[in-house]
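Architecture at a glance
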Amino acid sequence: MPGLLRGVARTAAIAGTATAVSNRVSRRQAGRWAQQASEQQSMTQPAAAAPSTAAPAAEPSAPLHDDMTSKIDQLKQLTDLKAQGALTDEEFEAQKRRVLG
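Here goes a summary of the coordinates provided. (Residues numbered from 1 in each chain as written. Predicted model: local features only at pLDDT ≥ 70, side-chain atom pairs only at ≥ 80, totals over all residues. Heavy atoms only, no water.)

Bringing empty space enclosed by the protein into the picture now. Enumeration according to the criterion identifies 1 cavity of 30 Å³ or more in this entry. Its boundaries defined by the atoms lining it, the largest cavity holds a volume of some 40 Å³. Taken together, Ala13, Thr17, Gln74, Gln77, Leu78, Arg98 and Val99 make up the lining of the largest cavity. Breaking the lining of the largest cavity down by element, the ones donating at least two residues are helix 1 (2–44), helix 2 (61–84) and helix 3 (89–100). No other element matches the 3 residues that helix 2 contributes to the lining of the largest cavity. (1 Å grid on protein atoms, 1.4 Å probe; cavity = no way out; pocket = protein on both sides within 12 Å on 5 of 7 lines; lining within 4 Å. Points joined across faces, edges and corners; volume = space filled by probe spheres on them. Helix = DSSP H or I, 4+ residues; strand = E, 2+ residues; numbered from the N terminus.)

This is the structure we're talking about:
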């Protein structure tokens, strides 16, 4: 039974990490597409109609905040799994290093 719980815990940790990485990649790609679209739009506008100041870029702290929130959530999950006995100390430390590194 402990082996089954450990396997389930490991799968949950990996799935959570994969979801977080996938979401981050999607946000980054959407940002790149938006930047490319704005660059193309600015190139197609006539020079006289171009605005004198560029639009402010999106806050870089928002993706950083999302990334930190997901890491904190993952660490909480790992802590809960360790408290339940589903992870050994070594497994917990390895997963923690992976999340933080």
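Moving on: the layout of surface pockets. As a volume, the second largest pocket reaches approximately 260 Å³. Lining the second largest pocket are 15 residues, and of these Ala20, Val21, Arg24, Asp67 and Lys71 sit closest to its centre. For the lining of the second largest pocket, the secondary structure elements donating two or more residues are helix 1, helix 2 and helix 3. Among the elements that line the lining of the second largest pocket, the one with the most residues is helix 1, at 8 residues. The class makeup of the residues in the lining of the second largest pocket is 4 nonpolar, 5 polar and 6 charged. (Nonpolar A, V, L, I, M, F, W, Y, C, P; charged D, E, K, R; others polar.)

Quick look at the environment of Asp73 now. Tracing the backbone through its elements, the reader meets Asp73 in helix 2. Sequence-wise, Asp73 and Gly16 are 57 residues apart; in three dimensions their C-alpha atoms are separated by 9.2 Å.

A word on the pattern of salt bridges. Counted by the stated rule, this structure contains 4 salt bridges. Among the ionic pairs, Glu91 bridges to Arg6, the shortest N-O distance being 3.3 Å. Placement of the pair is Glu91 in helix 3 and Arg6 in helix 1, with a sequence separation of 85 residues. Among the residues examined, Glu91 registers a relative accessible area of 18% and is labelled buried. The partner of Glu91 in a salt bridge is Arg10, with the nearest N and O atoms 2.6 Å apart. Of this pair, Glu91 sits in helix 3 while Arg10 sits in helix 1, and the two are 81 residues apart along the sequence. (Salt bridge = Lys/Arg side-chain N within 4 Å of Asp/Glu carboxyl O. Buried < 20%, exposed > 50% of the residue type's maximum accessible area, 1.4 Å probe, protein only.)

Between the first and last C-alpha of helix 3 there are 16 Å, a value that for 12 residues agrees with the 16 Å anticipated at 1.5 Å per step. Listed in full, the buried residues belonging to helix 3 are Glu91, Phe92, Gln95 and Val99. All buried residues of helix 3 fall inside an arc of 100° around its axis, so they share one side. Seen from the open side of helix 3, the exposed residues pointing more than 90 degrees away from its buried face are Glu90 and Arg97. (Expected span 1.5 Å × (residues − 1). Arc of directions from axis to C-beta.)

Keep in mind these values describe shape, not function.
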